[in-house]
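Below are the chains, spelled out letter by letter.
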Amino acid sequence: MTILESVALGKDRENNKVISKSSYNTKEGKITDKYLTVCPSCNVVWEKVHWRNKILIEYYHEIPRYGKRKEICPECSEKAISKTEY
Ligand SMILES: [Zn+2]
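Residue indices begin from 1 for each chain and proceed along its sequence in written order. Only residues with pLDDT of at least 70 get local features here, since the model is predicted, and only at 80 or more are side-chain atom pairs given and counted; chain-wide, interface and lining totals rely on the full set of residues.

### Describing the overall build of the protein
Okay, so step 1: Helix and strand definitions follow DSSP, with helices as H or I runs of at least four residues and strands as E runs of at least two, each counted in order from the N terminus. Assigned secondary structure in the protein consists of two helices and five strands.
Okay, so step 2: Seen in sequence order, the protein has helices and strands lined up from the N terminus as α-β-β-β-β-β-α.
Okay, so step 3: Taking as baseline every contact in the protein between residues at least 6 positions apart, the subset at least 24 positions apart corresponds to 49%. For the purpose of contact definition, each residue receives a C-beta atom placed from its backbone, and two residues are in contact when these atoms lie within 7 Å.

Here's what the structure looks like:
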């Protein structure tokens with residue numbers, strides 16, 4: 001595999017993981033949790049969204065973090081799992 005190929009693959013993987021708010025503008029059938037959660041590991045505000053029988057994770061970088069409940073986001077817990085497997 002060339003360097004360029006591996007870079008492209010890494011980028012693709014990132015794009016799949018990061019779900020942007022604007023990609024899912026359909027409010028119909030979209031149920032959000034009552035509160036936002038802050039990940040103490042990566043410091044991002046995130047939220048579980050149930051949408052068409054799927055669970056999506058939305059990340060909000062512009063929202064203040066104080067007063068939110070703290071929970072490790074799925075991305076960090078995934079990283080922690082792969083670390084222990086290593
Ligand atoms: Zn996190």
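That shown, we press on.
### Some details on the pairing of strand S4 (residues 54-60)
Okay, so step 1: Pairing analysis gives seven bridges linking strand S3 (residues 45-51) to S4, with the strands arranged antiparallel. Bridge pairing links Lys48 to Ile57 in S4.
Okay, so step 2: The hairpin formed by S3 and S4 contains two residues between the paired strands, and Arg52 there has a positive phi angle of roughly 50°. Whether two strands pair comes down to DSSP finding at least two bridges between them.

### Examining unusual backbone geometry
Okay, so step 1: Despite not being glycine, Asn43 has its phi angle at roughly 65°, a positive value.
Okay, so step 2: Relative to the helices and strands, Asn43 is located in the loop between strand S2 (37-38) and S3.
Okay, so step 3: On the basis of neighbour count, Asn43 is assigned to the exposed category, with 10 C-beta atoms found within 10 Å. Comment: burial labels come from other C-beta atoms within 10 Å of the residue's own C-beta, placed from the backbone, where a count of 20 or more is buried, 12 or fewer is exposed, and between is partly exposed.

### Overview of the environment of Cys42
Okay, so step 1: For Cys42, the position within the fold is in the loop between S2 and S3.
Okay, so step 2: Distance in space between the C-alpha atoms of Cys42 and Cys76 is 7.3 Å, their sequence separation being 34 residues.
Okay, so step 3: Sequence-distant contacts of Cys42, that is, excluding residues within four places in its chain, are made with Cys73 and Cys76.

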